[in-house]
Amino acid sequence: MKALVLAAGHGTRIATASGGVPKPLIPVGGRAVVLRTLEWLAGAGIRDVWINLHHRADEIRAALGNGSRLGLNISYAFEPEILGTAGAFRALTHEFPDTALVVYGDNLISFDLAQFVAAHRKSKARATIALFDPERHANSRIAGGRVVLDNRSRVTSFMEGASSEGLVNAGVYLLEPAFASAIRPGFQDFGRDVLPAELAHGDVCGYLMDSAGYCLGLDTPESLRNAEALITTKQIVLT
């Protein structure tokens with residue numbers, strides 16, 4: 001299985017706390033967040049990774065290289081105009097002839113990927129969203145897309161940035177090649193544009209990560225402080 005790590009964003013909201021580095025290179029627990037993401041993927045057996053780039057692309061490419069020191073084969077896709085999270089996947093569909101793993105590169109995240117893949121295969125859905133429970137899983141307390149599931153784990157409601165109750169989008173997806181047909185050309189975002197529109201087809205599933213999993217979104221200075229506090233107090237232990 002190949003993975004797409006999304007790393008093209010400007011990181012405007014966290015700029016005052018970024019220390020002058022691009023958002024994916026912000027250190028968390030002393031190590032760049034995107035490096036931790038890549039190590040997580042490598043530890044799960046992923047070997048081929050695509051990374052989309054736009055803002056300060058050269059710095060990110062220089063920091064990560066070809067991935068060999070991580071046991072990965074990294075390829076890059078530069079976007080002259082940013083395409084959005086879903087637009088990036090659409091542009092690279094030809095590189096993902098089988099199930100694709102899509103990961104937001106600015107989240108510090110960990111859970112059992114093998115269980116996630118098994119649940120996706122069993123559901124036969126075109127798309128499966130990894131989810132966390134904000135009351136049970138360690139998180140940085142930043143708003144995320146809120147998701148409601150039925151008793152078959154099909155997504156029945158998806159609201160981006162909602163403050164209502166529900167499970168939270170962890171920014172990790174398993175997508176079948178056919179899902180690209182649901183993405184229109186141009187700028188498209190999974191949370192705001194594509195996933196809510198797909199619910200009518202009943203072909204999007206959710207997967208609640210295992211109890212040891214965590215998701216630390218790093219979109220704002222406050223969320224970065226919250227993440228560092230969880231690490232400092234050992235509420236999560238980084239490897």
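Use the structure listed above.
Every value quoted in this text rests on a predicted model; they were computed, and no experiment measured them.

### Considerations on the overall build of the chain
Piece 1. Per the secondary structure count, the chain includes six helices and 14 strands.
Piece 2. Relative to the compact-globule value of 18 Å for 239 residues, the chain shows a C-alpha radius of gyration of 16 Å, a close match.
Piece 3. Taking the contacts inside the chain whose residues are at least 6 apart along the sequence as the reference set, 75% of them involve residues at least 24 apart.
Piece 4. For the chain, the centre of its 23 positive side-chain charges and the centre of its 24 negative side-chain charges are spaced 3 Å apart.

### Structural notes on the packing of aromatic side chains
Piece 1. For the structure on display, the rule yields seven aromatic pairs.
Piece 2. Measuring from centroid to centroid gives 6.3 Å for F111 and Y207, while their planes differ by 40°, and the two rings are tilted. One end of the pair, F111, is in the loop between β7 (107–110) and α4 (113–123); the other, Y207, is in strand β13 (residues 204–208), with 96 residues separating them in the sequence.
Piece 3. Relative accessible area serves as the criterion here: at 10%, Y207 is assigned to the buried category.
Piece 4. An aromatic cluster is defined as three or more aromatic residues linked by ring pairs; in this entry it consists of W40, F111, F116 and Y207.

### Points about the sheet that holds strand β14 (residues 214–217)
Piece 1. Read across the open sheet, the three strands follow the order β7-β14-β9; overall the sheet is mixed. Looking at strand neighbours, the two that pair on one side only are β7 and β9 (138–139), the edges of this open sheet.
Piece 2. Relative to β14, β9 runs parallel, the two sharing two bridges. Looking at the pairing, A138 lines up with Y214 of β14.

### Quick look at the nonpolar core
Piece 1. Residues L38, L41, V49, I51, L101 and F111 are the most contacted members of the largest nonpolar core, which totals 37 residues.
Piece 2. Per element, the largest residue contribution to this core is six residues, and it comes from helix α1 (residues 33–43).
Piece 3. Setting aside residues no more than four positions away along its own chain, L101 makes contact with M1, K2, A3, L4, L41, I46, L113, F116, V172, Y173 and L174.
Piece 4. Grouped together as the second largest cluster of nonpolar side chains are 29 residues, L92, F158, Y173 and F190 included.

### Things to note about the side chain of E198
Piece 1. Relative to the assigned elements, E198 resides in helix α5 (residues 190–198).
Piece 2. Other than its neighbours up to four places away in sequence, E198 contacts R126, F179, A182, D203 and V204.

### Some words on helix α3 (residues 84–91)
Piece 1. Where burial is concerned, most of α3 is hidden: six out of the eight residues are buried.
Piece 2. For α3, the complete set of buried residues consists of G84, T85, A86, G87, A88 and F89.
Piece 3. Buried positions along α3 lie against β1 (2–6), β4 (48–53), β6 (100–104), β12 (167–175) and α5.

### Overview of the pairing of strand β5 (residues 73–78)
Each regular strand carries side chains that alternate between the two faces of the sheet.
Piece 1. Relative to β5, β4 is paired through six bridges, and the arrangement is parallel. In the sheet register, L53 faces β5, and the bridge partner there is F78.
Piece 2. Running through helix α2 (residues 57–64), the crossover from β4 to the neighbouring parallel element β5 is right-handed.

### With respect to the pairing of β6
Piece 1. Of all five residues in β6, five are buried; the element is thus mostly enclosed.
Piece 2. Neither face of β6 is exposed, since A100, V102 and Y104 on one face and L101 and V103 on the opposite face are all buried.
Piece 3. Note: β6 against β12, four bridges, orientation antiparallel. Of the residues in β12, the one forming a bridge with L101 is L174.

### Here we look at the state of the cysteines
Note on terminology: a disulfide is the covalent bond linking the sulfur atoms of two cysteines.
Piece 1. All told, the structure shown has zero disulfides when counted by the stated rule.
Piece 2. Free cysteine: C215, not disulfide-bonded; nearest cysteine sulfur from C205 at 19 Å.
Piece 3. A relative accessible area of 4% means that C215 is categorised as buried.

### So, α5
Piece 1. When α5 is considered as a whole, its buried residues turn out to be F190, G191, V194, L195 and E198. The buried residues of α5 occupy an angular sector of 115° when projected down its axis, which confines them to one face.
Piece 2. Buried-residue contacts for α5 involve α3, β6, β8 (127–132), β11 (155–159), β12 and β13.
Piece 3. Sitting at the head of α5, D189 places a side-chain oxygen 2.9 Å from the backbone nitrogen of G191.

Reading guide: rules and limits
Residues numbered from 1 in each chain as written. Predicted model: local features only at pLDDT ≥ 70, side-chain atom pairs only at ≥ 80, totals over all residues. Heavy atoms only, no water. Helix = DSSP H or I, 4+ residues; strand = E, 2+ residues; numbered from the N terminus. Rg over C-alpha atoms; globule rule 2.2 N^0.38 Å. Contact = heavy atoms within 4.5 Å. Lys, Arg positive; Asp, Glu negative; His and termini not counted. Charge placed at Lys NZ, Arg CZ, Asp CG, Glu CD. Phe/Tyr/Trp six-rings, centres within 6.5 Å; stacked < 30°, edge-to-face > 60°. Buried < 20%, exposed > 50% of the residue type's maximum accessible area, 1.4 Å probe, protein only. Pairing = 2+ DSSP bridges. Core = buried A, V, L, I, M, F, W, Y, C linked by side-chain atoms within 4.5 Å. Right-handed = clockwise from strand over helix to strand, strands pointing away. Disulfide = S-S within 2.5 Å. Arc of directions from axis to C-beta. Polar contact = N/O pair within 3.5 Å; in protein donor to acceptor, adjacent residues only side chain to side chain.

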